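These are the residues of each chain, in order.
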Amino acid sequence: MNEINEPWQNKLFIGHQAIVRQLDSLKNTDSINNSVLFNGPIGIGKCTLAFRYTNYVFSNNVSTFMDYEQINDDTFSQISKHSFPNLYYMSNTDDSGNPLEIKIDDIRKLKERLTGKLLNGGQRVIIMDTINDLNRSAQNALLKILEEPPNDTLFILITHNINLLPDTILSRCLKFNFKNLSISDTNRVMSHVSSQANLKKIRDIYGENISPGKIVYLLDNNLEEIINDFHDLIEKSNATNQKNALKIIKQYSKKENAKSFNILFELFMIWLKKNAISLLAELKEDYKLYELLGYWDRYTDKYNNLNIFNLNKEELLLSIHRDAWYLSNRKIDG
């Protein structure tokens, strides 16, 4: 198993020095009463930095945040156990770690916490990961809090997609835009996680900008095995391959294999994309390019509807098996 510690337990932080410098100026200003928004790709350390900065705020450290070193003190111990009284962390996931909708009742509970006394008259931090998980009613309730925030309270709101947030919330936040980690920084993170990972192979599939969090997610869900199953799924059809493909389809359709299913589907969409790029680069056979783009749009809609309406995964995988074999047989080869 490859693991990056949970953000509240993680003392390791690499990269994003421009953001760290910006945060350096907040602690000793009135900005501690502000709401800040951490925006950027998933798996690059936004939540880890939120907890690291929270530790810094509560430590009353005289050094700058740039020079801050996380230590195993009482504050870190309490924060890592979600027991520090002046910190409220809001995140909602199912047993598999997938995000769930945050509802208005969750914001009401937060509002009750905000009326409580602060320990030792200090400061309060609210970390919300992610704000995109709030439904419309919850967003409206949060907006009312942000319009008149309690004194000595810092809201750290995390988003992986700022474009999906309403302007009314964005206008009340100081924005920090995180970029993908450099390849060298990603390698440094992964050196602390796994010396066995074939980063080149993963980057060949997912691209150079893949995040450490995404890499660990793929490794923890047996990426190599899923890649092999995907190739079996799109191989030319014969009796043996057909039987194996049906076995794969039934396996990945099971509820407990939701993460593996998502990765398998992701590999199919990457396969479509790479074939389309290849045809575009060759500037020939436009009809095949348009055909691939049509499949991309069709399967994007199918996947979205699958999640919205809880449709049958087995039917979707059977469709992928049929269409991928058809496209491969047309000399479109990824």
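This text follows the structure it describes.
The rules we used
- Residues numbered from 1 in each chain as written.
- Predicted model: local features only at pLDDT ≥ 70, side-chain atom pairs only at ≥ 80, totals over all residues.
- Heavy atoms only, no water.
- Salt bridge = Lys/Arg side-chain N within 4 Å of Asp/Glu carboxyl O.
- Helix = DSSP H or I, 4+ residues; strand = E, 2+ residues; numbered from the N terminus.
- Buried < 20%, exposed > 50% of the residue type's maximum accessible area, 1.4 Å probe, protein only.
- Pairing = 2+ DSSP bridges.
- Axes fitted to C-alpha atoms, helices over the stretch in contact; angles between N-to-C directions.
- Contact = heavy atoms within 4.5 Å.
- Polar contact = N/O pair within 3.5 Å; in protein donor to acceptor, adjacent residues only side chain to side chain.

Section: the pattern of salt bridges
Applying the stated rule across the entire model yields nine salt bridges. Linking Asp 105 and Arg 108 is a salt bridge whose minimum nitrogen-to-oxygen distance equals 2.9 Å. Of this pair, Asp 105 and Arg 108 both sit in helix H4 (residues 104-114), separated by three residues, roughly a single helical turn. In this structure Asp 105 comes out as partly exposed when scored by relative accessible area, which is 46%. On the basis of relative accessible area, Arg 108 is assigned to the partly exposed category, the value being 46%. Between Asp 185 and Arg 188 there is a salt bridge, with its nearest N and O atoms 3.4 Å apart. Highlighted residues: Asp 185 and Arg 188, both in helix H7 (residues 183-191), separated by three residues, approximately one helical turn. With a relative accessible area of 16%, Asp 185 lands in the buried category. Residue class for Arg 188 comes out partly exposed when judged on its relative accessible area of 47%.

Quick word on the sheet that holds strand E2 (residues 87-90)
The strand order across the open sheet formed by five strands is E2-E3-E4-E1-E5, and the pairing between neighbours is parallel. The two strands at the open ends of the sheet, each matched to only one other strand, are E2 and strand E5 (173-177). Sheet twist, expressed as the average angle between the axes of neighbouring strands with direction ignored, equals 15 degrees. With respect to the sheet, H4 is in contact with E2, strand E3 (124-129) and strand E4 (153-159), its orientation differing from that of E2 by roughly 175 degrees.

Focus on the side chain of Asn 135
Tracing the chain through its elements places Asn 135 in the loop between E3 and helix H5 (136-147). Classification of Asn 135 as buried rests on a relative accessible area of 18%. At 3.3 Å, the side chain of Asn 135 forms a polar contact with the backbone nitrogen of Ser 137. A polar side-chain atom of Asn 135 sits 2.8 Å from the main-chain amide nitrogen of Ala 138. Among all residues touching Asn 135, those that are not within four sequence positions of it are Glu 101, Ile 102, Lys 103 and Ile 104.

Details of unusual backbone geometry
As a rule of thumb, non-glycine residues mostly have phi less than zero, and peptide bonds are mostly trans rather than cis. With an omega dihedral of 0 degrees, the bond running from Asp 129 to Thr 130 counts as a cis peptide bond. Relative to the elements of secondary structure, Thr 130 occurs in the loop between E3 and H5. The backbone phi angle of His 82 is positive, close to 60 degrees, even though this residue is not glycine. Tracing the chain through its elements places His 82 in the loop between helix H3 (74-80) and E2. According to the relative accessible area criterion, His 82 is partly exposed, its value standing at 42%.

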